[in-house]
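Listed here are the chains, written in short residue letters.
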Amino acid sequence: MTFIAKPRLHHPTLQTNKVGYTRRDYEGRISTLCAGCGHDSISAAIIQACWELDIEPHRVAKLSGIGCSSKTPDYFLGASHGFNTVHGRMPSVLTGANLANRELLYLGVSGDGDSASIGLGQFANAMRRGVRMAYIVENNGVYGLTKGQFSATADQGSKSKKGVVNNDSPVDLVGLALQLGATYVARSFSGDKAQLVPLIKGAMAHGGAAFIDVISPCVTFNNHGGSTKSYDYVRQHNDAVSRIDFITPGQEITAEYAPGELVEVTNHDGSLLRLRKLHADHDPTDRYAAMNYMHQHAAHGEVVTGLLYLDPLATDLHTALNTCAVPLASLGPDRLCPGAAALEKINAALR
Amino acid sequence: MKRIEAVNDFVIKFANVNGSGSASANELFAKAVMRMGVPVSPRNIFPSNIQGLPTWYEARVCEKGYHGRRGGVDMMVAMNPQTWDTDMAEIEPGGYLLYDSTRPIPPDRFPEGVHVLGVPLTEIVNEAYADPRQRQLFKNIAYIGALAALLDMEDGVFEKLFAEQYRGKERLLDANMKALHLGRDYALAHLPCPLGLRMRRADRVGDQIFTDGNSAAALGLIYGGATVAAWYPITPSSSIPEAFEKYCHKFRVEASTGQHRFAIVQAEDELASIGMVVGAGWNGARAFTATSGPGVSLMTEFIGLAYFAEVPVTIIDVQRGGPSTGMPTRTQQSDLIACAYASHGDTKHVLLLPQDPHECFEHSAAALDLADRLQTPIFVMTDLDIGMNQRLCKPFVWDDARSYDRGKVMTREELEAGKDFGRYKDVDGDGIPWRTLPGTHPTKGAFFTRGTTRDPYARYSERGTDYVYNMERLLRKFRTAAALVPQPVHRPASQPTRFGVIYFGSTSPAMHEALDVLQAEGVHLDGLRLRAFPFPESVPEFIAAHEKVFVVEQNRDAQMHSMLVNELDIDPARLVRVLHYDGTPITARFIAGAIRKNMVWHKEYA
């Protein structure tokens, strides 16, 4: 949220994508977050991903809760409808929006306070229901807007800027998402755009509940020596499980010469996720192995990033509810109202 | 010994044990009365419990057509030893007691002045049926059979009902018929049939239907075009989404594909259920949730967001006894203020106040239109008494020419044509801004919805002038709502009077009876039945036209009274509170008594 409107200057030679938009068309208002905030990098990655996916911005509905992270949807996709809801309860609003119109793409942006504390129940239930969306948590382990309190993802033993030690064990949203039935689960780092952009692209194209936990250091309150969510800590302990490329349907698949095992996963919409596995022992289609793998590495203080789990055949809440193909929001009385004659029959049965 | 003599005008109460299968037998009795053309209004009085605790079914038979609870019991069917003493105490002098005489009961347990009728129900059914569950269930049908003889009910009424109910299920039909006849034959052979209480065919039901408010509300939501329902189970509202789902499966499944033109989610809690409704409303679907007081408490933050962000939301609040868990299975009208001003900050919400199942249907359908038109939460304030009890009411009506009022939604074409779009701009002077739905246009009309303040073009703003413009516009919108909501219904006295009475919702049937009773005594009052909040202009006019106005409601703190004083700047001295809040439905006896007592101070009634 900002008072400053972004100047609409377009360089004449800016490259356009297949739907005729430049990268600038995916931007929003000027960010009011602190300079160097990881969240702004994530916004940039979302812009890049949507541009590369040739998504028409107005076909995206972006929803958030409350907090620094939840302010960010104002800073990208300015031509999209956005909804800054209440603290921790973006998932339910997104679920309702999705039920009303299944034709749009849903992007949920949340923070660790938003999703792991007040909104943990809604986060869990949205994952379990398989709402089709890309759910991104911008995770900095701290409450920034209220000036530096620990959030529920802060690691046990980590220190606040004031030197207070956190005694509580952390909520691991990735572990929860895996357990609850999310069908696309990834972790990334706001400082690793090369990894984050394809992960977001994969999540946007996914047919079910896609979750990405993005470690996004808070430069003001949680970027110091004692923090496990600082730039330095994550850079030192980042253990990427894979590097991925996302290839949209019909796009030429170029030859791959990089070392390491290559896994190609075709999504329901024909898009392709190509994973260059850095860890040969990780199978991204095995939910339980992914949980094990992540926990084992976490025990050694490592932050495992990359695509941890994927079900390429995932379905969503609409499939479960067997809703019609036409958006419910567009149905009129002719499709919804049983009419006076049916009502007279009901009356007759009640006499 | 004097005995009550009454034809088509008495109260019969069944004292049963929860889970014993008595509900369907008792309902059968009420339906038989209705089929004889005699108005009947039954009420379930039940504990917050699954099985084993006492439950009562009280049916008022009233040829004059009063549906309110009368008070007192003319005949008790006492099937629950646990509540024997309290049940006996309720029987009016000269009244009747029907009980299971299989095991002897000491004579001192029978109250004096009551006609005791013993039927060895357990013995009769044990001889006729071997299966333990059948023995239990058919005991209930057998006492209905005995009543048929004792009250001299028309031959064939029950048989016809059974035939309809068990069409194609011959074994069930025969077994039920047998139990009915066992009870009837015993009564005819051993008891003084008929009693002083009797049934006689009348023609007072007409084309009325017999249904409960929750089913009716669900049907109204179907007809009104709700497509997204999100809910969390809570008594006494749960049967609304359940009935909605049933009707959806009947009317909203595409024949060719089997796909659904609806989405129903049982959410994880009330917060999520209202959140889904807000999301669906924002995205253009007609969405609702149904809940009760504790659910409304949990929803209030979202209700504030929907009010301020201007999102259509429909909430059916089936009120029960509060505060907190209060009396979950008893009735009250005590969520008025909690709903009218739900959430922090300055808010005002539209309340609709149906009086019976017919209006539950009408108001639920209207709520969806109003929510879209006004882009705001609309509450349909029913209660347990209307919601969970069957009542005779006018049949449901629908005009096939009626289309849905989707309100001010700017289309792609209008945006394309260059129409100015300011999401929170009052272009029409009615306080209602235009909105666009997500996905409408590639470059125009997108806006950011938020709970923080903004300027008329939906841009974040903390300027005081922008905030005040917005808040004043919301107030203007609320005034516009007063003309759009269902208007009050006047019930003038038969002669000019200085006294008036204001009432609403489920109080209405008892109120109409009380007005007739008082009029017969020479006490004349003009009645005004409120059907919505905000109050239309006719409400202050009504109050101004009377020296004293009684406000009758079912809560402790006179919530409607407070709202009238607060919203209309009325001198509180002009309004007299008549309050009933013990969890039972208000009676005409209570209302007439309270008004009479107050009137003693006025020598001249009119």
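Caption draft 1: Layout of the pattern of salt bridges. Residues and elements named next belong to chain B. Enumeration according to the criterion identifies 53 salt bridges over all chains in this entry. Here Arg-3 makes a salt bridge to Glu-5, at a shortest N to O gap of 2.8 Å. What emerges from the salt-bridge pattern is a single network uniting Arg-286, Asp-369, Asp-372, Arg-402, Arg-406 and Arg-435.

Caption draft 2: Broad picture of the nonpolar core. Core analysis: the largest hydrophobic core is formed by 147 residues, its most contacted members being A:Phe211, B:Phe244 and B:Ile502. The element that contributes the greatest number of residues to this core is helix H12 (residues 357-374) of chain B, accounting for 8 residues. Among all residues touching B:Phe244, those that are not within four sequence positions of it are B:Ala218, B:Leu221, B:Ile222, B:Ala226, B:Ala229, B:Arg252, B:Ile264 and B:Phe288. Among the nonpolar cores identified, the runner-up in size contains 61 residues, and B:Leu98, B:Tyr143, B:Val157 and B:Leu180 belong to it.

Caption draft 3: Fine view of the sheet that holds strand S5 (residues 73-78) of chain B. All names here are of chain B. Judged by pairing direction, the sheet is mixed, and its 6 strands sit side by side in the order S3-S4-S2-S5-S6-S7 without closing on themselves. Only two strands of the sheet have a single neighbouring strand rather than two, namely strand S3 (40-45) and strand S7 (115-119). Each strand axis lies, on average, 15° off the axis of its neighbour in the sheet, ignoring direction. Taken together, the 4 bridges between strand S2 (residues 9-17) and S5 define a ladder with parallel strand orientation. Bridging across to S5, Lys-13 finds its partner in Met-76. The strands touched by helix H4 (residues 132-150) are S2, S5, strand S6 (91-100) and S7; relative to S2, the strand with the most contacts, the crossing angle is about 160°.

Caption draft 4: Structural view of the environment of B:Ser508. All names here are of chain B. Within the element layout of this structure, Ser-508 appears in helix H16 (residues 508-520). Between the C-alpha atom of Ser-508 and that of Leu-530, which follows or precedes it by 22 residues, the distance is 9.7 Å. Not counting residues up to four positions away in its chain, the partners in contact with Ser-508 are Gln-355, Tyr-503 and Arg-529. There is a polar contact of 2.7 Å between the side chain of Ser-508 and the backbone oxygen of Gly-505.

Caption draft 5: Representation of the packing of aromatic side chains in the model. All names here are of chain B. Applying the stated criterion to the full structure yields 24 aromatic pairs over all chains. Taken together, a centroid distance of 6.0 Å and an interplanar angle of 50° make the contact between Phe-421 and Phe-447 tilted. Linking Phe-421 in the loop between helix H14 (412-416) and strand S17 (448-450) with Phe-447 in the loop between H14 and S17, this pair joins segments that are 26 residues apart in sequence. Given a relative accessible area of 8%, Phe-447 falls into the buried group. Clustering of aromatic rings is evident, with ring pairs tying together Phe-14, Phe-29, Tyr-57 and Tyr-143. Looking at Lys-246, its charged tip hangs above the ring of Tyr-247, at a distance of 5.0 Å from the centre. Residue placement shows Arg-454 over the ring face of Tyr-424; its charged tip is 3.9 Å from the ring centre.

Caption draft 6: The confidence of the model for chain B, seen in detail. The predicted model of chain B has a mean per-residue pLDDT of 96, with 99% of residues at 70 or higher. Both scores are available for the predicted complex, with the pTM at 0.96 and the ipTM at 0.95.

Caption draft 7: Molecular detail of helix H9 (residues 270-282) of chain B. All names here are of chain B. For H9, with 13 residues, the first-to-last C-alpha span of 18 Å sits near the 18 Å given by 1.5 Å per residue. Among the 13 residues that make up H9, 13 are buried, leaving the element largely enclosed by the rest of the structure. Of the residues flanking the start of H9, the one acting as N-cap is Asp-269, its side-chain oxygen 3.1 Å from the backbone nitrogen of Leu-271. One or two residues past the end of H9 sits Gly-284, with phi positive at roughly 100°.

Caption draft 8: A look at the pairing of strand S12 (residues 287-291) of chain B. Residues and elements named next belong to chain B. For S12, the buried fraction is high: 5 of the 5 residues fall into the buried class. Here S12 shows no split at all, with Ala-287, Thr-289 and Thr-291 on one side and Phe-288 and Ala-290 on the other all buried. Where S12 and strand S13 (residues 313-319) come together, 4 bridges link them in parallel fashion. Within S13, the position partnered with Ala-290 by the bridge is Ile-316.

Caption draft 9: Expanded view of unusual backbone geometry. All names here are of chain B. Of note, the bond from Thr-235 into Pro-236 is cis; its omega dihedral lies within 30 degrees of zero at 0°. Note the cis peptide between Phe-533 and Pro-534, where omega equals 10°. Its location among the elements puts Pro-534 in the loop between strand S21 (532-533) and helix H17 (538-544). The phi dihedral of Glu-310 is positive, around 65°, even though this residue is not glycine. A relative accessible area of 1% means that Glu-310 is categorised as buried. One non-glycine residue, Gln-375, lies in the positive phi region at around 50°. Mapping Gln-375 onto the fold places it in the loop between H12 and strand S15 (377-383). Judged by its relative accessible area of 0%, Gln-375 is buried.

Caption draft 10: How the structure looks around the sheet that holds strand S19 (residues 499-504) of chain B. Residues and elements named next belong to chain B. Spatial strand order, S18-S20-S19-S22-S23: 5 strands in an open sheet with mixed pairing. Each end of this open sheet is capped by a strand with a single partner; those strands are strand S18 (489-491) and strand S23 (575-579). Each neighbouring strand pair of the sheet contributes to a mean axis angle of 20°, computed without reference to strand direction. For strand S22 (residues 548-553) and S23, the ladder comprises 5 bridges, and the chain directions are parallel. Looking across to S23, one finds that Phe-550 is bridged to Val-576. Strands S18, S19, strand S20 (526-530) and S22 of the sheet are contacted by H16, whose axis makes an angle of about 160° with S19.

Thresholds applied
Residues numbered from 1 in each chain as written. Chains lettered and ligands numbered in written order. Predicted model: local features only at pLDDT ≥ 70, side-chain atom pairs only at ≥ 80, totals over all residues. Heavy atoms only, no water. Salt bridge = Lys/Arg side-chain N within 4 Å of Asp/Glu carboxyl O. Core = buried A, V, L, I, M, F, W, Y, C linked by side-chain atoms within 4.5 Å. Buried < 20%, exposed > 50% of the residue type's maximum accessible area, 1.4 Å probe, protein only. Helix = DSSP H or I, 4+ residues; strand = E, 2+ residues; numbered from the N terminus. Contact = heavy atoms within 4.5 Å. Pairing = 2+ DSSP bridges. Axes fitted to C-alpha atoms, helices over the stretch in contact; angles between N-to-C directions. Polar contact = N/O pair within 3.5 Å; in protein donor to acceptor, adjacent residues only side chain to side chain. Phe/Tyr/Trp six-rings, centres within 6.5 Å; stacked < 30°, edge-to-face > 60°. Lys NZ or Arg CZ within 6 Å of the ring centre and 35° of its normal. pLDDT = per-residue confidence, 0-100. Expected span 1.5 Å × (residues − 1).

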